[in-house]
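Chain by chain, the residues:
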Amino acid sequence: MNLTTSHLIALLPLLIVSATVIVVMLGVAWQRHHFLSATLTVIGLNAALVSLLATLTVTPIQVTPLLAFDNYSVLFMALALIAALACTTLAHAYLEGFDDRREEYYMLLLCSVLGAMTLVASRHMTALFIGLELMSVPLYGMAAYAYRNRVSLEAGLKYMVLSAAASAFLLFGMALLYAESGTLEFAGIGASMNQGGHDLWLLAGIGMMVIALGFKLSLVPFHLWTPDVYEGAPAPMSAFLATVSKLAVFALLIRLFETAPVTGNDVLHTVIAVIAFASMIVGNLLALRQNNIKRLLGYSSIAHLGYLLTALVASNSLAVETVGVYMVTYVLTTLGTFGVVALVSSPYSGVDAADMSHYRGLFWRRPYLAAVMTVMMLSLAGIPMTAGFIGKFYALAVGVQSGLWWLVAGIVVGSAIGLYYYLRVMVGLYLHEGEQSRRDATDDWGQRSGGVMVLLLAIAVLVLGVYPQPMIALIDAATMATG
Amino acid sequence: MILPWLLFLPFIGGLLCWQAERAGVAPRPIRWIALLTMVAVLVLSLWLWVTGDYQLGTTVGSEPDWQLQFRLPWIDRFGITFHLALDGLSLIMVALTGFLGVLAVLCSWQEIDTRIGFFHLNLLWIIGGVVGVFLAIDLFLFFFFWEMMLVPMYFLIALWGHSSQGKSPVHAAIKFFIYTQASGLLMLVSILGLVFVHYSQTGTFTFDYSVLREAPISGVFSWVLMLGFFIAFAVKLPVVPLHGWLPDAHAQAPTAGSVDLAGILLKTAAYGMLRFALPLFPETSQAFAPFAMALGLIGIFYGAVLAFAQSDMKRLIACSSISHMGFVLIGIYSGTVLALQGVIVQMVAHAFSAAGLFILSGQIYERLKTRDMRELGGLFGRMGALPGFALAFVVASLGMPGTGNFIGEFLILFGAFSVVPWVVVIASIGLVLAAVYSLYLMHRVYWGPPASETSLGGLDTREYLMMLLVLGLSLLLGFYPQLVLDVSHAAMSEVNHWFVASTSSPLSS
């Protein structure tokens, strides 16, 4: 097919990010300069974000058989870009004290975002695979970025090995689907599923894909890598992993299931419901006894994706909207939490300050930073006045609408368990300081871009919690063009 | 515009206190800011009391007869509005909240000496949340405030609480939070269920009280939804199998926290039942009434026995609240106008007497650094006027004629007798137990051999006036309950109408 101008306009965000990767690489080849690399990255990401507005003028549009740009993909691209921007900001503060090559990090990050954006827009198995690998491979490097540090290296290796296994599942699943339906387009697969026939192979294929994607989303029982990687990877990278990669994969999952509906199939439907329920409960239970905040967030992310999976199981009129709203609130909150951890651990000096004792009495030293953390914990727990509550409200609403009482009960029980550890983190911020040696953010953290960023996130979480209507209207408009 | 002011004043005042502390203002002005905020809320609500006419509206229509309304669009997607409304019932509760808010600020005047700005931020935000609960008439908004007030209460207990029996206050605070939040989520699920039932019938989303009240649901589903509401309220009230958080939270909260907890937080539950659980699910509530009353009876006796077994003074008072709330539960579910009126009086009277007792035990704690009754004794004559006030509040708590508590309990039992005579007969025995544990408290703390003869310092002017005021109000309520009854009559008739209409004429109206 011929590419017209409108196709190029639709592709503009991807092109801009690709160009930025090259510019940053050339910049590093010419002269190593940390601030310059970071600035170029930020400029590139912002330009891509602005170019999404141009993309909106031509949506919905299909570019080559691989990619579909509709309002839905634009929404998640924007979210991925914003999260990447936040992670860049955090990484800049964090890497200032890093005694090794710092600039390559930004290239990895940009590559990964590119992969995420491809993934979000893909309507074809090939694009799915390219996007997923383009997103994941740089993540290995990012997780192991502080490779002299054993835990970081371990995190990178672990993620790589298990990711490779998941990719194998994914490819096998695709092969089965292709063998049965003769097409790699989501819509084509959906059509052949509706025809029935050799049901079993299609089902096995979809099942394999669910395993692979479930691994990326760290759903129970594919969650075992999560806490180790979250803990080992440097905080800004954990933030990236927890937000960009999760949201891209979930957006894809929804698109896959909306265009190739399997919800009519009882077995798969039940399997996904069980995965959702198990994720809620197991994630929360395992988080209970953690003293390391990064591990705790790893487990809590398992639970949150379990809540979110309710929307997929329900697949009703609210489902896509729920995913959008929940993802926005979850991404904002997770970024804020990791942001605080990254700021307290910045500049880099060995293992991150993620133990709860590091945060004891933070309020009396850094009131705003502690206030941000409080807001984020309340939001993760889903307390009113924070964005997290709106997300939880949607998750419950979507479950109630479809009468999924078990999953609704799972959300309620999971939230009750979750409260315990979120509150434990939160109250520690206000207690009097213990005897332990403590790490602290640098004095001028507030002036640093990272500090401003987490404050903005906290304000966003509060504003969206009190007045979510604009966000809901925006997400309502982000409809998916199926087919 | 007076309703949003009533609601937002405490929030604004709280922020002012916090910022004043951050700006390095001395403690005393901060306390004054908090006090003036609360006085403003109280004055506003009293002004509404005096100027409004709450006796009208005996004609019960489909649209509730609000004195004042305030409505703003909020989340259009789900038809959620920022809808505040006031009738006699909410007015009484809001005025009570304002008054207890003033008391809470006053009684922490000397008790709290660390992080004063942050303390008052939390205290005032609790009050703000409670006022929100009493005014919100959109179910989403109601839930919003219902959950929101937990956070400052959590901080209040966790950060300014006392350790007791080797347990840290954080433990009690987390327990309180999890109990109430988890049950709150059940209510949210019920609200959503109700909304979606309405949505499936009409195709529009709304969380509006008066619309949802008309939503016809029946069968098992309405039982499930009703229980969702009931459990949320039962945890807060508390009803016996769900009361586990209460003694700990009370024992470890600072005095102001206990006053707020016993005085108004428990009342939000009773309010919720009167406003939402009964009118939204009249038929199932009617069918559920025998179980609810049985739970109320268990609460009366279990609370009394539990109170008797305590050695911590504040735990004793806390357990006695369980017993008193048992009467409230029976009153609510008997559903006659007389009993419902009694419930209102009982709630107000209990707020006064419990607040008085909690403040007194706080004052004893300030002087002796213990609340353990095994170490106390013989305080009569050593503390100026304090034991005298204690005696007055103890007899109020056991329901002596002349105090509001008597009127409340009498009206509840009298009103319920026509419906459930046997329940009333059994509940009356609970009154005897109330006398036992109350006098036991009096005996162990104030009489008996004194530990020493030295004077411990009587009440200063602030404390004296505070106690005098509470006592005066308690007596006023006892001798002239008509003040409250007039205001609440229309609202209670309406509750009664919804409740009774469901059985007598299920098809009409």
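From a predicted model like this one, the values you see are computed outputs, not experimental measurements.

1. Here we look at the overall build of chain B
Here is step 1 of the chain: When helices and strands are tallied, chain B shows 19 helices and two strands.
Here is step 2 of the chain: Dimensions of chain B, computed from C-alpha atoms along their principal axes, come out at roughly 75 × 60 × 45 Å.
Here is step 3 of the chain: Per-residue burial for chain B yields a buried fraction of 66% across its 509 residues.
Here is step 4 of the chain: For chain B, the proportion of contacts with a sequence separation of at least 24, taken over those separated by at least 6, is 82%.
Here is step 5 of the chain: Approximately 16200 Å² of chain B is accessible, and the part contributed by carbon and sulfur atoms is 69%.
Here is step 6 of the chain: Separation of charge centres in chain B, based on 21 positive and 25 negative side chains, amounts to 10 Å.

2. What about the overall build of chain A?
Here is step 1 of the chain: Across its full length, chain A carries 19 helices and two strands.
Here is step 2 of the chain: Taking 23 Å as the expected radius of gyration for a compact globule of 483 residues, we find that chain A reaches 21 Å, a close match to that expectation.
Here is step 3 of the chain: Summarising its shape, the C-alpha atoms of chain A cover approximately 70 × 55 × 40 Å along the three principal directions.
Here is step 4 of the chain: Here chain A holds 483 residues, and the buried ones make up 64% of them.
Here is step 5 of the chain: Nonlocal contacts in chain A, meaning residues at least 24 apart in sequence, comprise 81% of its contacts between residues at least 6 apart.
Here is step 6 of the chain: Total accessible area on chain A is roughly 16100 Å²; 67% of this is exposed by carbon and sulfur atoms.
Here is step 7 of the chain: Between the mean site of the 21 positive side-chain charges and the mean site of the 24 negative ones, chain A shows a separation of 8 Å.

3. Details of helix 4 (residues 116–135) of chain B
Here is step 1 of the chain: The first and last C-alpha atoms of helix 4 of chain B sit 28 Å apart over 20 residues, in line with the 28 Å expected at 1.5 Å per residue.
Here is step 2 of the chain: Along helix 4 of chain B, 19 of the 20 residues are buried, which leaves the element largely enclosed by surrounding structure.

4. Some remarks on the packing of helix 12 (residues 282–308) of chain B against helix 13 (residues 313–334) of chain B
Residues and elements named next belong to chain B.
Here is step 1 of the chain: At their nearest, the axes of helix 12 and helix 13 sit 7 Å apart, and the two run at 160° to each other. Here helix 12 is positioned roughly antiparallel relative to helix 13, judged by the angle of their axes. Regarding helix 12 and helix 13, the two cross each other, and that crossing is left-handed.
Here is step 2 of the chain: Here the residues of the contact of helix 12 with helix 13 are counted per class, giving 17 nonpolar, eight polar and no charged.

5. What to know about the pairing of strand 2 (residues 80–86) of chain B
Residues and elements named next belong to chain B.
Here is step 1 of the chain: Taken across its seven residues, strand 2 has seven buried, putting it largely inside the fold.
Here is step 2 of the chain: Alternating residues of strand 2 divide into Ile-80, Phe-82, Leu-84 and Leu-86 and Thr-81, His-83 and Ala-85, and every residue in both groups is buried.
Here is step 3 of the chain: As paired strands, strand 1 (residues 68–75) and strand 2 are joined by seven bridges and run antiparallel to one another. Paired with Phe-70 across the two strands is Leu-84, which belongs to strand 2.
Here is step 4 of the chain: The loop that links strand 1 with its antiparallel partner strand 2 comprises four residues; one of these, Gly-79, has a positive phi angle of about 60°.

6. With respect to the interface of chain B and chain A
Here is step 1 of the chain: On the side of chain A, 41 residues touch chain B, which itself brings 37 residues to the contact.
Here is step 2 of the chain: On the surface where chain B and chain A come into contact, there are two salt bridges.
Here is step 3 of the chain: Where A:Glu321 meets B:Arg77, a salt bridge forms, and the shortest distance between an N and an O atom there is 2.7 Å.
Here is step 4 of the chain: Linking chain B with chain A are six residue pairs in polar contact (both at pLDDT 80 or more), by the criterion used here.
Here is step 5 of the chain: Where the side of chain B that touches chain A is concerned, the elements lending two or more residues are helix 1 (2–22), strand 1, helix 4, helix 5 (139–148), helix 6 (150–160) and helix 7 (169–202) of chain B.
Here is step 6 of the chain: Among the elements that take part in the side of chain B that touches chain A, helix 7 of chain B stands out by supplying 14 residues, more than any other.
Here is step 7 of the chain: By residue class, the composition of the side of chain B that touches chain A is 30 nonpolar, two polar and five charged.

7. Side note on the packing of aromatic side chains
Residue and element names in this part refer to chain B.
Here is step 1 of the chain: All told, the structure shown has 64 aromatic pairs over all chains when counted by the stated rule.
Here is step 2 of the chain: For the ring pair Phe-142 and Phe-233, a centre distance of 6.3 Å and an interplane angle of 65° mean the geometry is edge-to-face. You can see Phe-142 sitting in helix 5 and its partner Phe-233 sitting in helix 9 (residues 219–236), a full 91 residues away along the chain. Each member of the pair, Phe-142 as well as Phe-233, is classed as buried.
Here is step 3 of the chain: Seen from their ring centres, Phe-410 and Phe-414 are 5.5 Å apart, and the 20° between their planes marks the pair as stacked. On the criterion of helical spacing, the pair formed by Phe-410 and Phe-414 is a turn pair, its members being four residues apart in helix 16 (residues 404–417).
Here is step 4 of the chain: Classification of Phe-410 by relative accessible area gives partly exposed; the value is 44%.
Here is step 5 of the chain: Accessibility expressed as a relative area gives 51% for Phe-414, which makes it exposed.
Here is step 6 of the chain: Sitting over the face of the ring of Trp-109, Arg-31 holds its NZ or CZ atom 6.0 Å from the ring centroid.
Here is step 7 of the chain: The aromatic ring of Tyr-365 is capped on one face by Arg-371, whose charged end is 5.2 Å from the ring centroid.

8. Observations concerning the layout of surface pockets
Here is step 1 of the chain: A volume near 1000 Å³ is recorded for the largest pocket.
Here is step 2 of the chain: In terms of lining residues, the largest pocket is bounded by 36 residues, among which A:Val375, A:Met385, A:Leu462, B:Leu15 and B:Trp125 are the most central.
Here is step 3 of the chain: Mapped onto the lining of the largest pocket, the elements with two or more residues apiece are helix 15 (367–381) and helix 18 (449–466) of chain A together with helix 1, strand 1, helix 4, helix 5 and helix 6 of chain B.
Here is step 4 of the chain: In terms of residues, the lining of the largest pocket owes the most to one element, helix 15 of chain A, which gives six residues.
Here is step 5 of the chain: A per-class count over the lining of the largest pocket returns 33 nonpolar, three polar and no charged.

9. So, helix 4 (residues 104–121) of chain A
Here is step 1 of the chain: For helix 4 of chain A, which comprises 18 residues, the first-to-last C-alpha distance of 26 Å matches the rise-based estimate of 26 Å (1.5 Å per residue) to within 8%.
Here is step 2 of the chain: In terms of burial, helix 4 of chain A is a largely internal element, 15 of the 18 residues being buried.

10. Concerning the pattern of salt bridges
Here is step 1 of the chain: This model, assessed by the stated rule, comprises 20 salt bridges over all chains.
Here is step 2 of the chain: Between A:Arg255 and A:Asp70 there is a salt bridge, and its shortest N-O distance comes to 3.1 Å. One end of the pair, A:Arg255, is in helix 10 (residues 235–259); the other, A:Asp70, is in the loop between strand 2 (67–69) and helix 3 (71–95), and 185 residues separate them in sequence. Neither residue differs from the other here; A:Arg255 and A:Asp70 are each classed as buried.
Here is step 3 of the chain: Among the salt bridges present, the one from B:Arg374 reaches B:Asp372, with a minimum N-O distance of 2.9 Å.
Here is step 4 of the chain: Through salt bridges with shared partners, a single network forms among A:Glu154, A:Lys158, A:Asp228, A:Glu231 and A:Arg295.

11. Details of unusual backbone geometry
Here is step 1 of the chain: In this model, A:Val220 is joined to A:Pro221 through a cis peptide bond whose omega is 5°.
Here is step 2 of the chain: By secondary structure assignment, the location of A:Pro221 is in the loop between helix 8 (199–216) and helix 9 (226–232).
Here is step 3 of the chain: With an omega of -5°, the peptide bond between B:Leu237 and B:Pro238 qualifies as cis.
Here is step 4 of the chain: The phi dihedral of A:Thr64 falls on the positive side, at around 55°, and the residue is not glycine.
Here is step 5 of the chain: On the secondary structure map, A:Thr64 appears in the loop between strand 1 (61–63) and strand 2.
Here is step 6 of the chain: You will see that A:Ser218, though not glycine, has its phi angle at about 50°, which is positive.
Here is step 7 of the chain: With respect to the helices and strands, the residue A:Ser218 is situated in the loop between helix 8 and helix 9.
Here is step 8 of the chain: Of the residues examined, A:Ser218 reaches a relative accessible area of 0% and is grouped as buried.

12. A short note on the UniProt feature "domain: NADH:quinone oxidoreductase/Mrp antiporter transmembrane" (unreviewed entry) in chain B
Here is step 1 of the chain: Residues annotated in UniProt with the feature "domain: NADH:quinone oxidoreductase/Mrp antiporter transmembrane" (unreviewed entry) correspond here to residues 136–432 of chain B.
Here is step 2 of the chain: Between the end C-alpha atoms of residues 136–432 of chain B there is a gap of 38 Å, over a span that is 77% helix and 0% strand.

13. Considering the confidence of the model for chain B
Residue and element names in this part refer to chain B.
Here is step 1 of the chain: In this model, chain B carries a mean pLDDT of 88, and residues with pLDDT of at least 70 account for 96%.
Here is step 2 of the chain: Ignoring residues within four places in sequence, the model shows residues 505–509, a span with pLDDT below 50, making one contact including any to other chains.
Here is step 3 of the chain: Two numbers describe this predicted complex: its pTM, 0.92, and its ipTM, 0.89.

14. Description of the nonpolar core
Here is step 1 of the chain: Core analysis: the largest hydrophobic core is formed by 395 residues, its most contacted members being A:Met327 and B:Tyr333.
Here is step 2 of the chain: The leading source of residues in this core is helix 3 of chain A, at 18 residues.
Here is step 3 of the chain: If sequence neighbours within four positions are ignored, A:Met327 has contacts with A:Phe76, A:Leu79, A:Lys246, A:Leu247, A:Phe250, A:Leu305, A:Leu308 and A:Thr322.

15. Quick look at the side chain of A:Ser73
All names here are of chain A.
Here is step 1 of the chain: With respect to the secondary-structure elements, Ser-73 resides in helix 3.
Here is step 2 of the chain: Ser-73 sits in the buried class, given a relative accessible area of 0%.
Here is step 3 of the chain: At 3.4 Å, the side chain of Ser-73 and the backbone oxygen of Ala-68 are in polar contact.
Here is step 4 of the chain: Looking at Ser-73, its side chain comes within polar contact range of the side chain of Asp-70, at 2.9 Å.
Here is step 5 of the chain: Ignoring anything within four residues of it in the chain, the contact list for Ser-73 reads Ala-68, Val-120, Ala-121 and Arg-255.

The rules behind these values
Residues numbered from 1 in each chain as written. Chains lettered and ligands numbered in written order. Predicted model: local features only at pLDDT ≥ 70, side-chain atom pairs only at ≥ 80, totals over all residues. Heavy atoms only, no water. Helix = DSSP H or I, 4+ residues; strand = E, 2+ residues; numbered from the N terminus. Buried < 20%, exposed > 50% of the residue type's maximum accessible area, 1.4 Å probe, protein only. Contact = heavy atoms within 4.5 Å. Areas by Shrake-Rupley, 256 points an atom, 1.4 Å probe, with all protein chains shown as cover. Lys, Arg positive; Asp, Glu negative; His and termini not counted. Charge placed at Lys NZ, Arg CZ, Asp CG, Glu CD. Rg over C-alpha atoms; globule rule 2.2 N^0.38 Å. Expected span 1.5 Å × (residues − 1). Axes fitted to C-alpha atoms, helices over the stretch in contact; angles between N-to-C directions. Parallel < 35°, antiparallel > 145°, perpendicular 65-115°, else oblique. Left-handed = near helix turned anticlockwise from the far one by under 90°. Nonpolar A, V, L, I, M, F, W, Y, C, P; charged D, E, K, R; others polar. Pairing = 2+ DSSP bridges. Salt bridge = Lys/Arg side-chain N within 4 Å of Asp/Glu carboxyl O. Polar contact = N/O pair within 3.5 Å; in protein donor to acceptor, adjacent residues only side chain to side chain. Phe/Tyr/Trp six-rings, centres within 6.5 Å; stacked < 30°, edge-to-face > 60°. Lys NZ or Arg CZ within 6 Å of the ring centre and 35° of its normal. 1 Å grid on protein atoms, 1.4 Å probe; cavity = no way out; pocket = protein on both sides within 12 Å on 5 of 7 lines; lining within 4 Å. Points joined across faces, edges and corners; volume = space filled by probe spheres on them. UniProt positions renumbered as here; feature names shortened; annotations may be inferred. pLDDT = per-residue confidence, 0-100. Core = buried A, V, L, I, M, F, W, Y, C linked by side-chain atoms within 4.5 Å.

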